[in-house]
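Fold and contact review
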Amino acid sequence: MKKAALHNLGCKVNAYETEAMQQMLEEAGYEIVPFSEKADVYVINTCSVTNMGDRKSRQIIRRAKKLNPNAVIAVTGCYAQTAPDEVLAIEGVNLVLGTKDRKNIVTLVEDLNTESNINHVSDIMSNHEFEELQIKQYSNRTRAFIKIQEGCNQFCSYCIIPYARGPIRSLPLNEAISQTRALAAAGYQEIVLTGIEISSWGQDFRDGTGLIDLVEAVCAAAPECRIRLGSLEPRTITAEFCRRATALPNLCPHFHLSLQSGCDATLKRMNRKYDTKLYYTGIKLLRDFFHRPGITTDLIVGFPGETEEEFEETLSFIQKCAFSAMHIFPYSRRSGTPAAKMPDQASNTVKENRARRAAEVARDMREAWLASWAGEVLPVLFEEEKNGLWRGHAPNYAEVFAPGRALHNQVREVSISGSDPQLGLIGKVL
């Protein structure tokens, strides 16, 4: 039996696609082995969101060659899509696949030999077909994912992804319903809707359907499952969206709204399609319609031209929003994007300083939010045992830890007694 090893770099969508390719190889008779072991085939799913992502991708490709000089090496993902010639020039690479035709990975790999040197990358910007990569079974039978959307039309000035993923394409509604039912029947308690930019779901159909229509259909298809949304653009949160979403009892009240900056001047340079007024209106709507929802976000600090005054505006704004959790990133200069050519690039010292200060504010907000749940009872989906406690997530995405036995994949009511800054909420299973 031939052996295959896969390595994933980057986002949750990449992770989804890597697992889908792994299952296709398994179904074709390959034995899947850890990437650190000798294999006949290595598949590397690359990331290109930053220059560092490109570098890490090259390192992993070269590692595969060292593990087995006679192996077939196939490289897919965003770095492969945006720089195929560069990837193909790396010693040992036999196939560059990009972000299209992953569904044919088995056929493509089996047509290769160690002398192959094939660039299979096509023009992603002219691709308008959604490539379905379905995962039928996850190794962890707790949370499953459905990729509902591909591509991005936003063209933020710091981001290479529209060039790596192409224009928006949506999973058909009937296929989303079918996948949802199958995953629920397989025993999953929670399904996450993911994609490159899921707020744009349905726009390519040009029939008036939008994300909330999909969410309603998926929630109805698996009423016994939690349905959780991936990252959303602020424009998604309207009164109509909230009115319809709050009527869905199995939709998790957790909303990840990408912010990136709390300063309008910086947002404009980023080519984001909203200002802080629109963003905060969305925050208020969520809190008006949902009972204490979890609201999380991403923040980029040290963007070109960001002054100390602009950064202070951002700090004030995130405190006003009172997020339950934040991901904070120092701006990373990405070649091939407009922001890379902008004047007034911040030094690493400035970026690191601002990231630390923003993280301190985020930590204080998170601790206050966690502390506010003491005395409440939350339904928790338990996922794993960790350091003598069972770990899981509440619908609001708060991590919850509680003592117990054999709680994997169970949803149990937990009385919250307090919180731990290093862990999350602490409680007792009722």
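Residues numbered from 1 in each chain as written. Predicted model: local features only at pLDDT ≥ 70, side-chain atom pairs only at ≥ 80, totals over all residues. Heavy atoms only, no water.

**Quick look at the side chain of T46**
Take T46: it is sitting in strand β3 (residues 41–46). A polar atom in the side chain of T46 sits 2.8 Å from the backbone oxygen of T76. Of note is the side chain of T46, whose polar atom sits 3.3 Å from the backbone nitrogen of A80. If near-sequence neighbours (up to four positions away) are discounted, T46 is found in contact with L9, N14, S57, V75, T76, G77, C78, Y79 and A80. (Helix = DSSP H or I, 4+ residues; strand = E, 2+ residues; numbered from the N terminus. Polar contact = N/O pair within 3.5 Å; in protein donor to acceptor, adjacent residues only side chain to side chain. Contact = heavy atoms within 4.5 Å.)

**Section: the pattern of salt bridges**
Overall, the coordinates contain 31 salt bridges when judged by the stated rule. Notably, a salt bridge pairs K103 with E129, separated by 3.6 Å at the nearest N-O pair. Residue K103 is found in the loop between β5 (93–98) and α5 (105–110), and its partner E129 is found in the loop between β6 (118–119) and β7 (143–150); the two are separated by 26 residues along the sequence. Using a relative accessible area of 39% as the deciding quantity, one classes K103 as partly exposed. The partner of R243 in a salt bridge is E240, with the nearest N and O atoms 3.0 Å apart. Taken together, the positions of R243 and E240, both in helix α9 (residues 239–245) and 3 residues apart, correspond to about one turn of that helix. The exposure class assigned to R243 is partly exposed, which follows from its relative accessible area of 47%. Here the residues in one salt-bridge network are R143, E190, R226, R228, E383, E384, R391 and E399, joined through shared partners. (Salt bridge = Lys/Arg side-chain N within 4 Å of Asp/Glu carboxyl O. Buried < 20%, exposed > 50% of the residue type's maximum accessible area, 1.4 Å probe, protein only.)

**Structural notes on the nonpolar core**
By size, the foremost hydrophobic cluster in this structure holds 91 residues, and its most contacted members are L193 and F323. Those residues in contact with L193 that sit more than four places away from it in its chain are I146, I148, I198, L214, V215, V218, I227, R228, L229 and G230. Residues L9, I60, I73 and V96 belong to the second largest nonpolar core, which totals 22 residues. (Core = buried A, V, L, I, M, F, W, Y, C linked by side-chain atoms within 4.5 Å.)

**Considerations on the sheet that holds strand β14 (residues 377–386)**
Sheet architecture is closed into a barrel: 5 strands sit in the order β14-β15-β16-β18-β17, paired in mixed fashion. Each neighbouring strand pair of the sheet contributes to a mean axis angle of 50°, computed without reference to strand direction. (Pairing = 2+ DSSP bridges. Axes fitted to C-alpha atoms, helices over the stretch in contact; angles between N-to-C directions.)

**A look at the packing of aromatic side chains**
Summed over the entire model, instances satisfying the criterion amount to 11 aromatic pairs. Consider the rings of W201 and F205, whose centres lie 5.5 Å apart with planes at 85°: the pair is edge-to-face. An aromatic cluster is present here, built from Y274, Y279, Y280, F317 and F323 joined pairwise through their rings. A cation over a ring is seen here: R292 above W373, with NZ or CZ 3.8 Å from the ring centre. Lying across the ring of Y280, K320 places its NZ or CZ 4.3 Å from the centre. (Phe/Tyr/Trp six-rings, centres within 6.5 Å; stacked < 30°, edge-to-face > 60°. Lys NZ or Arg CZ within 6 Å of the ring centre and 35° of its normal.)

**Some remarks on the sheet that holds strand β9 (residues 190–195)**
Taken in spatial order, the 4 strands make up an open sheet running β8-β7-β9-β10, and their pairing is mixed. With one partner strand each, in any of the chains shown, β8 (169–170) and β10 (226–229) form the two edges of the open sheet. The pairing of β7 with β8 spans 2 bridges and is antiparallel. Looking at the pairing, E150 lines up with R169 of β8. Packing against the sheet, helix α7 (residues 173–185) makes contact with β7 and β9, and its axis sits at approximately 170° to β7.

**Observations regarding helix α1 (residues 12–27)**
Over its 16 residues, α1 extends 23 Å from the first C-alpha to the last, a length consistent with the 22 Å expected when each residue adds 1.5 Å. What α1 keeps buried is the set V13, N14, Y16, E17, T18, A20, M21, Q23, M24 and L25. (Expected span 1.5 Å × (residues − 1).)

**Notes on a negative patch on the surface**
Together, D264, D275, E309 and E313 give the surface a local cluster of negative charge. On the basis of relative accessible area, E309 is assigned to the exposed category, the value being 56%. (Patch = residues over 30% accessible without salt bridge, like charges linked within 9 Å, V, L, I, M, F, W, Y side chains within 5 Å. Areas by Shrake-Rupley, 256 points an atom, 1.4 Å probe, with all protein chains shown as cover. Lys, Arg positive; Asp, Glu negative; His and termini not counted. Charge placed at Lys NZ, Arg CZ, Asp CG, Glu CD.)

**Details of the environment of I237**
Locating I237 in the fold gives a position in the loop between β10 and α9. Residues I237 and L285 lie 48 residues apart in sequence; the distance between their C-alpha atoms is 7.4 Å. When residues no more than four places from it in sequence are discounted, the contact partners of I237 are L232, C242, L257, G282, L285 and L286.

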